[in-house]
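A look at the structure
What follows is the residue order along each chain.
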Amino acid sequence: MDTMKAVVFKGKDHIAVEEVAKPTPKAGEAVLRITTTTICGTDVHIVRGEYPVRPGLIIGHEPVGVIEELGAGLENLYHVGQRVIAGAITPCGQCFYCLNGVHSQCQGALGGWRFGNTINGAWAEYLLVPDARANLAPIPDGLQDEEVVLCPDIFSTGLSGAESGNIRVGDSVAVFAQGPIGLCATLGAKLRGASLIIGVDSSDQRLATARRFGANVVFNPNNVDVVAEIKRMTDGRGADVTIEALGRQETFENALRATRPGGTLSSLGVYSGKLVAPYEAIYAGLADQKIVTTLCPGGKERMRRLMAMVSTGRVDLRPLVTHAFALDDIQEAFELFGHQRDGVLKVALYPDASRPNAINVAATRGATEPERMPL
Ligand SMILES: [Zn+2]
Ligand SMILES: [Zn+2]
């Protein structure tokens, strides 16, 4: 039996690098050799036991790789050796939900999210991709792994917050929390044509990055009454669209209070427990406000569009990749990311730390100058 190196979830607060069976593709499936992957906040929830997955599962849902092996039926569509990504969400394209246009809910609530949730994920040397025909997206020539590694989840999710909020040209938008997803939501608000983009975060360092990603005003809730300031800047109304990118009661409530009557709260956060909408914040439920939720859009056409934005220079996601580690050093990487140390936004993980791109990480870190955002 062929084996591979992978990071296995063993139980609460316990992951381990182990030798496990290398996957073999059945008809319609593909196996990728992972060249770069990354850690998501959701992975932290999983490892801390806050989102249940089965022990023994390989986690991680953000794959960049090379096609290693193709199952039957894919020969005329892809070739071995081709560089591809797959979305964190891998819809089948055939079921009730997919054919109703809600691909992320493929086959049932959150069902499109398979990698590192219901099937083995990307923190490994090899990854089995289901429904490959719907999910393998070739990487445009000339793009490095680090330029596209945020497309499977972070860029797709953040941008979807702006899309689901239906931001119009000239809108005022407030984005609550400026972690990697909030920063991509801020970028999305700019791409959608918002005139006023307000970034909110308790880290001044992240607020500085928010300015580079499109925020023209930033507020730190430790220093100001954010809701009052947003209302002051919008003639007392509140923002046309607010985006919640943290998943806490407090930020949800503040986003709701900062949403004008008739406006939209676009929620990206992953919540736990009960979410409460206070009477006055929701205007007794009578103010024509919309609350929309979105799970990261996936599928190869979504990935093609996101990589097209990178390829043409409209978007540069590299400033978000602040650190890099060999997959063997997952404990160290997880510790840094999980505790949000050292200004970390996203870490690149390399199953093969000896390959050329991995060596370029120092250069990647240096590629974070503001002029690299040609928006
Ligand atoms: Zn994620
Ligand atoms: Zn489906």
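Residues numbered from 1 in each chain as written. Chains lettered and ligands numbered in written order. Predicted model: local features only at pLDDT ≥ 70, side-chain atom pairs only at ≥ 80, totals over all residues. Heavy atoms only, no water.

1. Some thoughts on the overall build of the protein chain
Across its full length, the protein chain carries 13 helices and 15 strands. The C-alpha atoms of the protein chain give a radius of gyration of 20 Å, which matches the 21 Å a tight globule of 375 residues would have. Overall, the C-alpha framework of the protein chain stretches about 65 × 45 × 40 Å when taken along its three principal axes. Buried residues in the protein chain amount to 55% of all 375 residues. (Helix = DSSP H or I, 4+ residues; strand = E, 2+ residues; numbered from the N terminus. Rg over C-alpha atoms; globule rule 2.2 N^0.38 Å. Buried < 20%, exposed > 50% of the residue type's maximum accessible area, 1.4 Å probe, protein only.)

2. Brief notes about the pairing of strand 12 (residues 259-267)
Inspection of the sheet shows strand 11 (residues 239-244) paired to strand 12 by five bridges, in the parallel sense. Paired with Thr 242 across the two strands is Leu 265, which belongs to strand 12. What joins strand 11 to strand 12 is helix 9 (residues 249-257), and the crossover it makes is right-handed. In the sheet, strand 12 pairs with strand 13 (residues 290-293) via four bridges, with the strands oriented parallel. (Pairing = 2+ DSSP bridges. Right-handed = clockwise from strand over helix to strand, strands pointing away.)

3. A few points about helix 6 (residues 180-191)
Look at helix 6: 16 Å from first C-alpha to last across 12 residues, which is about the 16 Å you get at 1.5 Å a residue. In terms of residue burial, helix 6 counts as a mostly covered element, since nine of its 12 residues are buried. Buried residues of helix 6: Pro 180, Gly 182, Leu 183, Cys 184, Ala 185, Thr 186, Leu 187, Gly 188 and Ala 189, and no others. In this structure, the buried residues of helix 6 make contact with helix 5 (151-164), strand 8 (172-176), strand 9 (196-200), helix 7 (204-212), strand 11 and strand 15 (346-350). Just past helix 6, the residue Gly 193 takes up positive phi, approximately 95°. (Expected span 1.5 Å × (residues − 1). Contact = heavy atoms within 4.5 Å.)

4. A few points about the confidence of the model for the protein chain
Taken over all residues, the pLDDT of the protein chain has a mean of 94, while the share at 70 or more is 94%. Between residues 359-375, whose pLDDT stays under 50, and residues either more than four places distant or in other chains, the model counts 26 contacts. (pLDDT = per-residue confidence, 0-100.)

5. So, the coordination of the zinc ion (ligand 1)
Within the protein, the atoms that donate to the zinc ion (ligand 1) are Cys 40 (SG), His 61 (NE2) and Asp 153 (OD), at distances of 1.8 to 2.2 Å. Between the donor residues of the zinc ion (ligand 1), the gaps in sequence give the motif C-x20-H-x91-D. With His 61 in the loop between helix 1 (41-47) and strand 4 (64-70) and Asp 153 in helix 5, the pair connects residues that are 92 residues apart, well separated along the chain. Residue His 61 is classed as buried on the basis of its relative accessible area of 3%. By relative accessible area, which is 7% here, Asp 153 ends up buried. (Donors = N, O, S within 2.8 Å, 3.2 Å for Na, K, Ca; no water.)

6. Observations regarding the side chain of Thr 42
Along the polypeptide, Thr 42 turns up in helix 1. Those residues within four positions of Thr 42 in sequence are excluded, and the remaining contacts are His 61 and Trp 113.

7. Things to note about the pattern of salt bridges
Tallied over the full model, the rule gives 16 salt bridges. Among the salt bridges present, the one from Arg 257 reaches Glu 280, with a minimum N-O distance of 3.0 Å. Of the two residues, Arg 257 sits in helix 9 while Glu 280 sits in the loop between strand 12 and strand 13, which places them 23 residues apart along the sequence. Here Glu 280 falls in the partly exposed class, since its relative accessible area comes to 47%. Here Arg 304 makes a salt bridge to Glu 301, at a shortest N to O gap of 2.8 Å. With a gap of three residues between them, Arg 304 and Glu 301 both fall in helix 10 (residues 300-311), about one helical turn apart. The exposure class assigned to Arg 304 is partly exposed, which follows from its relative accessible area of 45%. (Salt bridge = Lys/Arg side-chain N within 4 Å of Asp/Glu carboxyl O.)

8. Side note on the packing of aromatic side chains
Following the criterion strictly, the structure yields three aromatic pairs and no others. When the ring of Phe 252 is compared with that of Tyr 271, the centres are 6.0 Å apart and the planes differ by 85°; the resulting orientation is edge-to-face. Taken together, the residues Phe 252 in helix 9 and Tyr 271 in the loop between strand 12 and strand 13 connect sequence positions 19 residues apart. The cationic tip of Lys 22 hangs over the ring face of Tyr 126; the distance from NZ or CZ to the ring centre is 4.3 Å. (Phe/Tyr/Trp six-rings, centres within 6.5 Å; stacked < 30°, edge-to-face > 60°. Lys NZ or Arg CZ within 6 Å of the ring centre and 35° of its normal.)

9. A look at the environment of Ile 89
Considering the arrangement of structural elements, one finds Ile 89 in the loop between strand 5 (83-85) and helix 2 (96-99). Residues Ile 89 and Gly 111, 22 residues apart in the sequence, show an inter-C-alpha distance of 8.5 Å. In contact with Ile 89, other than residues within four places in its own chain, are His 103, Ser 104, Gly 112, Trp 113, Asn 135, Leu 295, Cys 296, Gly 298 and Gly 299.

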